[in-house]
Amino acid sequence: MFFNVLYAVALVLYSPVILYRRLRHGRYRRGWRQKLLGLNAAEALALTSGKPCIWLHAVSVGEVNLLRGIVSELDDRKDSLAVVISTSTDTGYDLAVKQYGAERVFFCPLDFSWAVDRTLRHLNPEALVLAELELWPNLIHASKKCGSPVVVINGRLSDTSAARYRRFGALTRPVFRSLSRIECQDESSAVNFALCGAPADRIQVSGSLKFDNAPSSRDSIEVQSRVAWTGLDPWQVVWMVGSTQEGEDAMALAVYNRLRGRFKELRMILVPRHPERFNQVAAEIEASGLVAHRRSRDGSLDELSWEGDRVILVDTVGELRHWWGVCQLATVGGSFGDRGGQNMLEPAGYGCAISFGPNTKNFRHIAEELLRSDAAVRVQGESELERFVESCLVNIPRADSLGRNARAAVQQHRGATERVLLSLNTILAPVTPQRSAA
């Protein structure tokens, strides 16, 4: 009851923001019945076809992509087990439908007791699997009550987040204690889970699924079709700045404008993180004296000349992974402000020369590994970013070395998917026959 009241107050206080974003950016328009009331019996039956199921929850686009290998392996290994996927955002939902099929994707209920109880009652999952860390007290308590183990995979818990949870330990420790298994990305996360109350014998370090999900070759139809779309010539060098936050696009455009006059081969691609910023970034490109060529509107460049004053703006959702394969130089956004960075393993898998900003707290272990392997460069701001791009254009062997090291680092750390699946199997094996017979 306490959490229901807390969520209701938060929802009321946050409602003006929801309304504004709904009207201004088209967000929060779908799935409200499932979010507020949970799944009904007919929806659950449509998702599972009457079979026992495992419920995987991915908050948004990043987590949806993270589950790709797990879903594929579960589909192959568990013919009698339906795999259903929930997500919380419109963009995450659309990507999940695209990747896994609409017939098994739904909006996760908000953490009101009636919504999660109803969903769990109708799905009756063999296990609930949470990608990274989604600690919703009512959902976890209800899962435990109905006999569904709760597993966190690719668990990441920073020192800052752990300190915040521990500050409210009376409320959060029972939630951590209720987790059946925690598969952590790294040792520091494992320590933090234990400090927050998770039983030590339920915690293990399996590594980051992001290494397994990183691409390994540019020779795919997804990448090559985008290369063809750009009309890229072999002599051109593409610098892509992806997952950008407010302020990062303008900084990158300023650097590009200073370099493109001296380096005629340089071309630029921008990929903003959030759809509501697409129009704003297009305006920034035009204001900088360049031409915005929008992926969603302007057609391919394969019959045009991709001149240096034309910047490709990828204003679509779910394509970022493949666009990294088009570039040779990659700057990972979300790292120059307070966001804490974005996934740098996708450009690493393609062998790009990678840079990122000073704040990578959300990907600390991965960033440290790339830096330790001489597979990326951390830059502090605009001037250092410019020096990085310039050095890659002048010293091509150095840029190539960064890319080779990045690809090698990804390959060295693969294997988390297999370890997570082994852990899931120990939970599913004793549970599935018993519950299926019921």
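Up top is the structure.
Described below are features of the structure shown in this document. (Residues numbered from 1 in each chain as written. Predicted model: local features only at pLDDT ≥ 70, side-chain atom pairs only at ≥ 80, totals over all residues. Heavy atoms only, no water.)

**Observations concerning the overall build of the protein chain**
Point 1. When helices and strands are tallied, the protein chain shows 21 helices and 14 strands.
Point 2. Its C-alpha atoms give the protein chain a radius of gyration of 23 Å, within 12% of the compact-globule value 22 Å for 438 residues.
Point 3. C-alpha extents for the protein chain along the principal axes are approximately 70 × 45 × 45 Å.
Point 4. The 438 residues of the protein chain split such that 53% are buried.
Point 5. Within the protein chain, counting contacts between residues at least 6 apart in sequence, those at least 24 apart form 68% of the total.
Point 6. Of the roughly 18600 Å² of accessible surface on the protein chain, a fraction of 54% belongs to carbon and sulfur atoms.
Point 7. On the protein chain, the mean spot of the 53 positive side-chain charges and the mean spot of the 48 negative ones are 6 Å from each other. (Helix = DSSP H or I, 4+ residues; strand = E, 2+ residues; numbered from the N terminus. Rg over C-alpha atoms; globule rule 2.2 N^0.38 Å. Buried < 20%, exposed > 50% of the residue type's maximum accessible area, 1.4 Å probe, protein only. Contact = heavy atoms within 4.5 Å. Areas by Shrake-Rupley, 256 points an atom, 1.4 Å probe, with all protein chains shown as cover. Lys, Arg positive; Asp, Glu negative; His and termini not counted. Charge placed at Lys NZ, Arg CZ, Asp CG, Glu CD.)

**A look at the layout of surface pockets**
Over the atoms rolls a probe the size of a water molecule, and its path tells where empty space is left.
Point 1. Taken as a whole, the second largest pocket encloses approximately 380 Å³ of empty space.
Point 2. Lining of the second largest pocket is provided by 21 residues; of these, Arg218, Gln328, Gly351, Ala399 and Asp400 occupy positions nearest its centre.
Point 3. Elements represented by at least two residues in the lining of the second largest pocket include exactly helix 19 (382-394) and helix 20 (396-412).
Point 4. Here the element with the most residues in the lining of the second largest pocket is helix 20; it accounts for six residues.
Point 5. Classifying every residue of the lining of the second largest pocket by side-chain character gives 12 nonpolar, four polar and five charged. (1 Å grid on protein atoms, 1.4 Å probe; cavity = no way out; pocket = protein on both sides within 12 Å on 5 of 7 lines; lining within 4 Å. Points joined across faces, edges and corners; volume = space filled by probe spheres on them. Nonpolar A, V, L, I, M, F, W, Y, C, P; charged D, E, K, R; others polar.)

**Examining helix 14 (residues 248-260)**
Point 1. Spanning 13 residues, helix 14 covers 18 Å between terminal C-alpha atoms, matching the ideal 18 Å at 1.5 Å per step.
Point 2. When we look at burial in helix 14, the residues that qualify are Glu248, Asp249, Met251, Ala252, Leu253, Val255, Tyr256 and Leu259.
Point 3. Looking at the buried residues of helix 14, the elements they touch are strand 8 (237-244), strand 9 (266-272), helix 15 (278-287), strand 11 (310-313) and helix 19. (Expected span 1.5 Å × (residues − 1).)

**Some words on the sheet that holds strand 12 (residues 329-332)**
Point 1. Across the sheet, seven strands lie side by side as 10-11-9-8-12-13-14; this open sheet has parallel pairing. Looking along the sheet, the strands with just one partner apiece sit at the ends: strand 10 (291-294) and strand 14 (377-378).
Point 2. As defined by bridge partners, strand 8 adjoins strand 12 across four bridges and the pair is classed as parallel. Paired with Trp239 across the strands is Leu329, a residue of strand 12.
Point 3. Packed on one face of the sheet, helix 14 meets strand 8, strand 9 and strand 11 and runs near 175° to strand 9. (Pairing = 2+ DSSP bridges. Axes fitted to C-alpha atoms, helices over the stretch in contact; angles between N-to-C directions.)

**A word on the pairing of strand 2 (residues 82-87)**
Point 1. Burial of strand 2 is extensive: six of the six residues sit out of reach of the surface.
Point 2. Covered by surrounding structure in strand 2 are Ala82, Val84 and Ser86 together with Val83, Ile85 and Thr87, the residues of both alternating faces.
Point 3. Across five bridges, the pairing between strand 1 (residues 53-57) and strand 2 is parallel. Bridge pairing in strand 2 places Trp55 opposite Val84.
Point 4. Two strands pair when backbone bridges link them, and strand 2 and strand 3 (residues 105-107) are joined in this way by three bridges, in the parallel orientation. Looking at the pairing, Ser86 lines up with Phe106 of strand 3.
Point 5. Following the backbone out of strand 2, through helix 6 (residues 90-100) and into the adjacent parallel strand 3, one traces a crossover that is right-handed. (Right-handed = clockwise from strand over helix to strand, strands pointing away.)

**Regarding the side chain of Thr172**
Point 1. Considering the arrangement of structural elements, one finds Thr172 in helix 10 (residues 169-177).
Point 2. Within the structure, the side chain of Thr172 is placed 2.8 Å from the backbone oxygen of Tyr165, a separation counted as a polar contact. (Polar contact = N/O pair within 3.5 Å; in protein donor to acceptor, adjacent residues only side chain to side chain.)

**Considering the environment of His365**
Point 1. Structurally, His365 can be placed in helix 18 (residues 364-372).
Point 2. Residues His365 and Glu132 lie 233 residues apart in sequence; the distance between their C-alpha atoms is 14 Å.

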